[in-house]
Amino acid sequence: MYIRNTITYHSLQTFLISEVMDKCNDTVSYPSTQPTFSEWTLGRHLALRLVEIGATDVFSVSGDFNLKLLDQLIAEPRLKVIGCCNELNAAYAADGFARSRGVGVCVVTFTVGGLSVINAVAGAYSEDLPVICIVGGPNSNDYGTHRILHHTIGLPDFSQEMRCFQTVTCYQAVVNDLDHAHEQIDTAISTALKESKPVYISVSCNLPAISHPSFSRKPVPFSLSPRLSNPAGLEAAVQLAAEFLNKAKKPVLVGGPKLRVAKACGAFVQLANACGYALATMPSAKGLVPEHHPQFIGTYWGAASTPFCEEIVESADAYLFAGPIFNDYSSVGYSLHLKREKAIIVQPDRVVFANGPAFGCVLMKDFLSALAERLNHNKTAYENYHKRSVTYGDLHKCESNEASMVNVLFQHIQKMLSGDTVVMVETGDSWFNCQKLKLPEGSGYEFQMQYGSVGWSVGATLGYAQAAKNKRVIACIGDGSFQVTAQDVSTMLRCGQRSIIFLINNGAYTIASGIQDGPYNVIKNWNYTGLVDAINDGEGKCWTAKVRCEKELNEAIAMATGEKKDCLCFIEVRVQKNDTSKELLEWGPRVSAANNRPPAEPSENLI
């Protein structure tokens with residue numbers, strides 16, 4: 001593909017095309033004519049850069065400091081600017097878009113917008129997602145004048161917003177003069193791609209529509225060299241790992257969430273194919289490893305694991321964890337029964353032998369691919385799992401006059417899944433219920449476990465659906481979470497999206513109740529279908545249903561996948577407050593115990 005005005009250096013070309021553009025679902029075509037000099041403005045340069053990396057949609061909330069910039073972005077025909085209801089959802093949408101396309105963009109206004117968006121940017125940082133947060137900043141003439149501006153806290157220091165972003169972005173650029181704008185913008189974008197983390201770009205409100213000679217020439221050269229493994233360290237790590245694992249009688253493999261940022265999912269499957277080990281994933285890695293793999297045994301999540309998976313992993317005499325995150329949630333309140341001397345921990349650029357040496361500058365994908373050629377085939381752990389596992393019959397069926405049980409709902413969602421669907425999972429009991437879904441080949445799965453921001457999924461559903469128009473998003477959202485970010489169902493309708501949202505209404509923050517029950521977890525009930533109908537106001541393709549039993553659920557799903565398959569479908573499922581997964585009932589008290597350890601108690605050491 002020919003990219004006009006290419007970011008120089010072959011390594012950068014290769015990176016942008018192979019690592020980002022291959023995630024685009026729509027082919028981007030480029031006009032044959034070059035813009036005239038007058039069109040080469042700062043804003044136009046930024047727009048072109050975004051299109052080049054596959055960010056064909058930008059999620060925004062307008063404000064007086066970013067209006068000129070939005071005009072310039074709108075003028076780029078290959079870029080769609082999508083106005084959101086609030087800044088938080090705009091960044092959540094950029095997060096969702098990045099999960100599909102490899103990069104996402106949000107554009108907000110100075111301070112009131114920037115500080116509103118920062119929570120979602122922090123979530124993207126925790127998930128290693130390259131989200132480019134662009135802020136319309138103060139007029140360039142106001143810097144250094146000690147003037148007090150609106151949308152600030154009343155101090156003449158304009159750096160407050162940038163300083164707030166320093167801990168949740170990997171690079172910050174304050175563009176308040178044209179001479180350096182080209183280099184600042186290009187460096188920020190390339191850093192986001194290289195580090196797979198969010199970046200912050202502030203653009204003075206009076207600059208976007210001004211042309212500059214630097215925008216009419218080739219970009220200022222900068223290097224974005226691909227990361228390489230240290231050959232000697234790689235060889236030593238592979239040799240030691242092979243010796244360790246080949247001595248084991250029943251070794252296992254466990255995939256973690258860092259497989260995504262390491263771009264090592266394929267290498268991990270290659271290793272599993274070669275060695276024959278039982279294959280599990282941590283909960284936050286669901287969807288990164290194919291669940292139709294013949295050696296797949298489910299989710300390893302301590303006491304909340306898939307049946308028999310916990311026993312197989314914890315009874316192994318050696319385990320390789322690829323890209324794990326061991327926090328209090330993934331460790332079920334630090335209750336995992338793992339032994340340090342049995343573990344090899346593989347991070348994106350580092351291999352750690354938990355009772356031995358560590359090797360830096362070793363890329364995960366290189367290590368896993370090389371190790372696949374050195375391991376003996378050993379199916380003992382998987383055979384042990386196969387002996388222990390049982391075939392489950394149908395889940396509990398509700399009669400037409402019974403309240404719809406949560407497990408029945410997810411049984412029906414299971415039947416809806418295909419290679420053309422993506423499951424979007426909100427923080428809450430859906431974490432546990434959706435872990436039990438068996439993903440067919442090609443089916444996507446996204447959730448935010450490390451940051452766990454309640455309400456994330458509404459904006460993320462908007463962004464993912466906008467990026468992956470060939471997929472139908474199935475979102476599972478609790479009523480408490482939906483109340484935080486419900487407004488941007490409006491934007492989904494305006495964009496003509498056809499997601500299916502299951503609103504699970506039990507009148508409470510269920511996951512919080514699982515940790516510690518109390519009146520603070522009870523929420524005011526809404527007429528959720530009525531709210532969505534009111535938001536639609538007859539202007540979009542929207543269909544809603546309220547279900548209370550399995551018969552009504554069957555009818556609603558049939559309508560959503562049949563006659564209303566081209567509509568946004570919103571299905572409210574009424575369930576009892578105490579109708580929760582058994583995994584939450586196991587997980588919650590352990591997390592609560594970890595939260596309430598007395599001050600004198602020493603902290604536990606995870607692997």
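An account of the accompanying structure is given in this report. (Residues numbered from 1 in each chain as written. Predicted model: local features only at pLDDT ≥ 70, side-chain atom pairs only at ≥ 80, totals over all residues. Heavy atoms only, no water.)

### Overview of the nonpolar core
Consideration 1: Counting 101 residues, the largest nonpolar core has Phe 59, Ile 413, Trp 431, Phe 482, Phe 502, Ile 571 and Trp 587 as the members making the most contacts within it.
Consideration 2: Per-element tally for this core: the top contributor is helix H4 (residues 87-101), with eight residues.
Consideration 3: Apart from the residues lying within four places of it in its own chain, the contact partners of Phe 59 are Ile 82, Cys 84, Ala 90, Ala 93, Ala 94, Phe 97, Val 105, Cys 106, Val 107, Leu 462, Gly 463 and Gln 466.
Consideration 4: In this structure, Val 346, Leu 368, Leu 371 and Ala 372 belong to the second largest nonpolar core, which totals 37 residues. (Core = buried A, V, L, I, M, F, W, Y, C linked by side-chain atoms within 4.5 Å. Buried < 20%, exposed > 50% of the residue type's maximum accessible area, 1.4 Å probe, protein only. Helix = DSSP H or I, 4+ residues; strand = E, 2+ residues; numbered from the N terminus. Contact = heavy atoms within 4.5 Å.)

### Here's the deal with the sheet that holds strand E4 (residues 131-137)
Consideration 1: The sheet built from six strands is open, its strands ordered E2-E1-E3-E4-E6-E5 with parallel pairing. Of all the strands in the sheet, just strand E2 (80-83) and strand E5 (172-175) have a single pairing partner and so form its edges. Each strand axis lies, on average, 20° off the axis of its neighbour in the sheet, ignoring direction.
Consideration 2: Those strands touched by helix H7 (residues 181-195) are E4, E5 and strand E6 (199-204), and its axis lies near 160° from that of E5.
Consideration 3: Across the face of the sheet, helix H16 (residues 456-467) comes into contact with strand E1 (57-60) and E2 while running at roughly 160° to E1. (Pairing = 2+ DSSP bridges. Axes fitted to C-alpha atoms, helices over the stretch in contact; angles between N-to-C directions.)

### Quick look at the pairing of E6
Consideration 1: Taking burial as the measure, the six residues of E6 include six buried ones, the bulk of the element.
Consideration 2: Burial along E6 is two-sided: the residues Val 199, Ile 201 and Val 203 and Tyr 200, Ser 202 and Ser 204 are all buried.
Consideration 3: As paired strands, E4 and E6 are joined by six bridges and run parallel to one another. Across the sheet, residue Gly 136 finds its bridge partner in E6, namely Val 203.
Consideration 4: Where E5 meets E6, four bridges bridge the pair, whose relative direction is parallel.

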